[in-house]
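# Structure at a glance
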Amino acid sequence: MEVGVEESSPLIRERQGKLEKLRRMGINPYGSRWEVTALAGDLQERHRDTPSAFFDSEAVTVSLAGRLMTLRDHGKTTFADLKDRTGQIQVYLREDRLGNEAYGLMKWTDIGDFLGVTGRLFRTRTGELTVAADEFRLLTKSLRPLPEKWHGLVDVETRYRQRYLDLVANPEAAAVFHRRSQLIRELRQFFDQRGFLEVETPMMQTVAGGAAARPFVTHHNALDMDLYLRIAPELHLKRLLVGGLERVYEINRNFRNEGIDTRHNPEFTMLEFYQAYADYHDLMTLTEELLPHLCRVLLGGEELTYQGVRISLSPPWPRLTVVEALRKVGGIREADLEGAEELRAVAARRGVPVQAGWGWGKLVDALMAHLVEPHLVQPTFLLDFPLELSPLARSQPDNPRLAQRFELFVAGLELANAYTELNDPQEQRQRFEEQLRAREGGDEEAHRMDEDFVRALEYGMPPAAGEGIGIDRLAMLFTDSPSIRDIILFPVLRPKEQG
RNA sequence: GACCCGUUAGCUCAGCCGGCAGAGCACCUGCCUUUUAAGCAGGGGGCCGCGGGUUCGAAUCCCGCACGGGUCACCA
């Protein structure tokens, strides 16, 4: 954003004046390269126990760079805190050490400026590790005042709209994104070690398949055709199983044209992985390894606290079929679980909103969402979902109304969804056709027909199981964040003002 | 989409039974060579989100709008 005259506050004008002054003195307020030999946080860690006397006898010279976070001017000396990507360290500037001319430049220096500093380490009277500056250079002049040092940046809207300020002012916010990055790194390692191949499949698709959701539409000019932003990578990943890759995973964005709330952002990050010759029971086992592993690496144990609730990820986790869950957790009588009419009556009685045309499967789904899922705080697998809701999953051999499918819930959040994949092309075609009928019946989220996918299955896809894990929700869990916006750097917001 | 809450200085917040717009930090001037929410003395800074209404008078009361947060609805 340009600093327009019309919006320049006195504080900005003040800084602009300093910038002009520096320019006239022949100093570039937007300096360039600076040789960095040390990092603030690393120094703090390395010298945590180094006694003052050590620095008196041994000259430890360091060169670092960062943003000026505080300034304490004492006349002929100044204390400052310099912040880099690893932390902060105090800098001590003395007129007698730097010379009048160099020290005088502090007058035109502000909190928020980027500085390069070289000097010797020492400990102050109060014991704080400090760099006594022998030289410093302005690397970037800051024209706008940063949020206040004590409370940081609190305003939620500004934190999301100007995330850079959140990251500068609130160390906890930066820590969340470090942990998110570590989580994804660890996921990759986990799957790489197990022989999975990381792949990238199209984000722009001619048929938005693999999930029940409304897509975003865009247009390709040269080809003069509409394309959809993907709602899931599933159908492409399974084509790769046909291609013989056997174990694949993808960590990437999905886009769904839906409402926004604390657990939904229109673009979100999903891990999907597929393993040939496995079924959904194998994936439950794998998931019971994966989450505790991530928790150990990130948090140092298999327990975590989410929004004040203690959660243990130590396996094994309870496995409840959907029917059992509705009975035990939802408190629905067994007799009421059999038919659609009975379920409809239960929904009405329990205040669960349902739509007129819904069959048994959709009613089960609605009742689960309201009466069961919010209560699943400790990790719980729900299994054997209605086949009606799972057009890409294989059915139960002993009950064709149910799919070989599970979902994992932790802290009331749906974290994973997996099933034994349907690989019978004829049955797949029929399932797509049923979805098309639902779509014609007004279900905008029903799956679309994907002829090429069916053709791929006709060549033969090995038996396989696949799973999707919502990375954003995992990140929420591992960073104790109440909203998905806290773990997405730039969440979708309505533009403010004219734009 | 419905309901509730919020929007006051760069930041964090008071002020809201209508009567001159406040504090802390930040900023400016002066002093200060180991401070750390540095200190001391002085000073400047406001479209009270936007638009309308009621009133002698509105940051304050009423209506509408915008943006944000929450709950619900919708939805993986």
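Our subject is the structure listed above.
These lines cover the structure that appears in this document, whether it is placed above or below. Numbering of residues starts from 1 in every chain and runs along the sequence as written. Whichever chain is written first becomes A and whichever ligand is written first becomes 1, with later ones labelled in order. Local features in a predicted model are, by the rule used here, given only for residues with pLDDT of at least 70; side-chain atom pairs are given and counted only at 80 or more, and totals for whole chains, interfaces and linings are based on all residues. Computation of side-chain values: all heavy atoms of the structure, hydrogens and water removed.

In this scheme Phe, Tyr and Trp rings, the latter by its six-membered ring, pair at centre separations within 6.5 Å, and the angle between planes marks the pair as stacked below 30 degrees, edge-to-face above 60, and tilted otherwise. In this structure the tally under the stated criterion is eleven aromatic pairs. When the ring of Phe54 is compared with that of Phe55, the centres are 5.6 Å apart and the planes differ by 80°; the resulting orientation is edge-to-face. Overall, the relative accessible area of 32% leaves Phe54 in the partly exposed class. For the exposure calls, accessible area comes from a 1.4 Å probe over protein chains only, and a residue counts as buried if that area is under 20% of its type's maximum, exposed if over 50%, partly exposed in between. Among the residues examined, Phe55 registers a relative accessible area of 1% and is labelled buried.

Tracing the backbone shows Asn170 in the loop between helix 7 (163-169) and helix 8 (171-193). At a separation of 2.9 Å, a polar atom in the side chain of Asn170 contacts the main-chain carbonyl oxygen of Leu153. By the convention used here, residues are in contact when the closest approach between their heavy atoms is within 4.5 Å. If sequence neighbours within four positions are ignored, Asn170 has contacts with His151, Gly152, Leu153, Arg159 and Leu165. In this description a helix means any DSSP run of H or I spanning at least four residues, a strand means any run of E spanning at least two, and both kinds are numbered starting from the N terminus. A 3.5 Å cut-off defines polar contacts: any pair of N or O atoms within that distance qualifies, except that in protein one atom must be a possible hydrogen donor and the other a possible acceptor, and neighbouring residues in sequence count only when both atoms are side-chain atoms.

Taken together, 55 residues lie around RNA strand B, and Thr126, Ala212, Arg256, Glu407 and Glu414 are the ones closest in. Backbone sugar and phosphate groups make up 59% of those atoms of RNA strand B lying within 4 Å of the protein. In this structure, a phosphate oxygen belonging to RNA strand B sits 2.7 Å away from a main-chain N or O atom of Asp155. One nitrogen or oxygen atom from the side chain of Asn417 is found 3.4 Å from a base nitrogen belonging to RNA strand B. Elements with a minimum of two residues in the surface near RNA strand B: helix 1 (10-24), strand 1 (61-73), strand 2 (77-84), strand 3 (87-94), helix 6 (156-161), strand 18 (405-410) and strand 19 (413-420). For the surface near RNA strand B, the class distribution of residues is 18 nonpolar, twelve polar and 25 charged. When we say a residue is near a molecule or strand, we mean one of its heavy atoms is within 4 Å of it. Under the scheme applied here, ten amino acids are nonpolar (Ala, Val, Leu, Ile, Met, Phe, Trp, Tyr, Cys and Pro), four are charged (Asp, Glu, Lys and Arg), and all others, including Gly, are polar.

This paragraph deals with the sheet that holds strand 11 (residues 267-276). Pairing within the open sheet is mixed, and its eight strands lie in the order 6-10-11-20-19-18-15-14. The open sheet is flanked by strand 6 (197-198) and strand 14 (319-321), the only strands paired with a single partner. Criterion used throughout: strands pair if DSSP finds at least two bridges between them. Two elements, strand 6 and strand 10 (residues 247-255), share two bridges in a ladder whose sense is parallel. Residue pairing across strands places Leu197 opposite Val248, the latter belonging to strand 10. Each of strand 10, strand 11, strand 19 and strand 20 (464-470) touches helix 9 (residues 234-242); the most contacted strand, strand 11, lies at about 25° to it. Each axis is a line fitted through C-alpha atoms, taken for helices only over the stretch in contact, and angles between the N-to-C directions span 0 to 180 degrees.

Glancing now at the sheet that holds strand 8 (residues 217-220). The antiparallel open sheet is built from three strands, whose spatial order is 7-9-8. Strand pairing shows two members of the sheet lacking a second neighbour, strand 7 (204-205) and strand 8, which therefore form its edges. Direction of pairing for strand 8 relative to strand 9 (residues 225-229): antiparallel, over a ladder of four bridges. Counterpart to Thr218 in the pairing with strand 9 is Leu227.

Take the number of residues in a helix, subtract one, and multiply by 1.5 Å to get its expected span. Look at helix 10 (residues 280-299): 28 Å from first C-alpha to last across 20 residues, which is about the 28 Å you get at 1.5 Å a residue. Looking only at helix 10, the buried set comprises Tyr280, Leu283, Met284, Leu286, Thr287, Glu288, Leu290, Leu291, Pro292, Leu294, Cys295 and Leu298. One side-chain oxygen at the N-terminal end of helix 10 lies 3.0 Å from the backbone nitrogen of His281; it belongs to Asp279. At the C-terminal side of helix 10, Gly300 shows a positive phi close to 80°.

We define a salt bridge as a contact between a side-chain nitrogen of Lys or Arg and a carboxyl oxygen of Asp or Glu at a distance within 4 Å. Considering all chains together, one arrives at 32 salt bridges under this definition. The residue Asp110 makes a salt bridge to Lys18 at a minimum N-O spacing of 2.5 Å. A residue pair is termed long-range when its members are at least 10 positions apart, and Asp110 in the loop between helix 5 (100-104) and strand 4 (114-123) and Lys18 in helix 1 qualify at 92 residues. Both residues of the pair, Asp110 and Lys18, belong to the buried class.

In terms of nonpolar packing, the biggest core is built from 47 residues, with Phe191, Leu271, Phe273 and Phe478 touching the most fellow members. When residues of this core are assigned to their parent elements, the largest contribution, nine residues, is made by helix 10. Excluding residues that lie within four positions of it along the chain, Phe273 makes contacts with Phe191, Phe196, Val248, Tyr249, Leu283, Leu286, Ala465, Gly466, Glu467 and Ile469. Counting residues in each nonpolar core, the second largest holds 27 residues, with Leu64, Ala80, Leu98 and Leu121 among its members. Buried Ala, Val, Leu, Ile, Met, Phe, Trp, Tyr and Cys residues form a nonpolar core when they are joined through side-chain atoms within 4.5 Å.

This brings us to the packing of helix 14 (residues 425-440) against helix 15 (residues 451-459). In the contact formed by helix 14 and helix 15, the axes pass within 8 Å of each other and the chain directions differ by 160°. One finds that helix 14 runs roughly antiparallel with respect to helix 15. Between helix 14 and helix 15 lies a crossing whose hand is right-handed. The segment helix 14 lies against helix 15, with Pro425, Gln428, Arg429 and Phe432 engaging Glu451, Phe453, Val454, Leu457 and Glu458. For the contact of helix 14 with helix 15, the per-class residue count stands at five nonpolar, one polar and three charged. When describing relative orientation, an angle under 35 degrees is termed roughly parallel and one over 145 degrees roughly antiparallel, while 65 to 115 degrees is termed roughly perpendicular and anything else oblique. By definition, turning the near helix anticlockwise from the far helix through less than a right angle yields a left-handed crossing, and turning it clockwise yields a right-handed one.

Treat this as a map of the structure, not an account of what it does.
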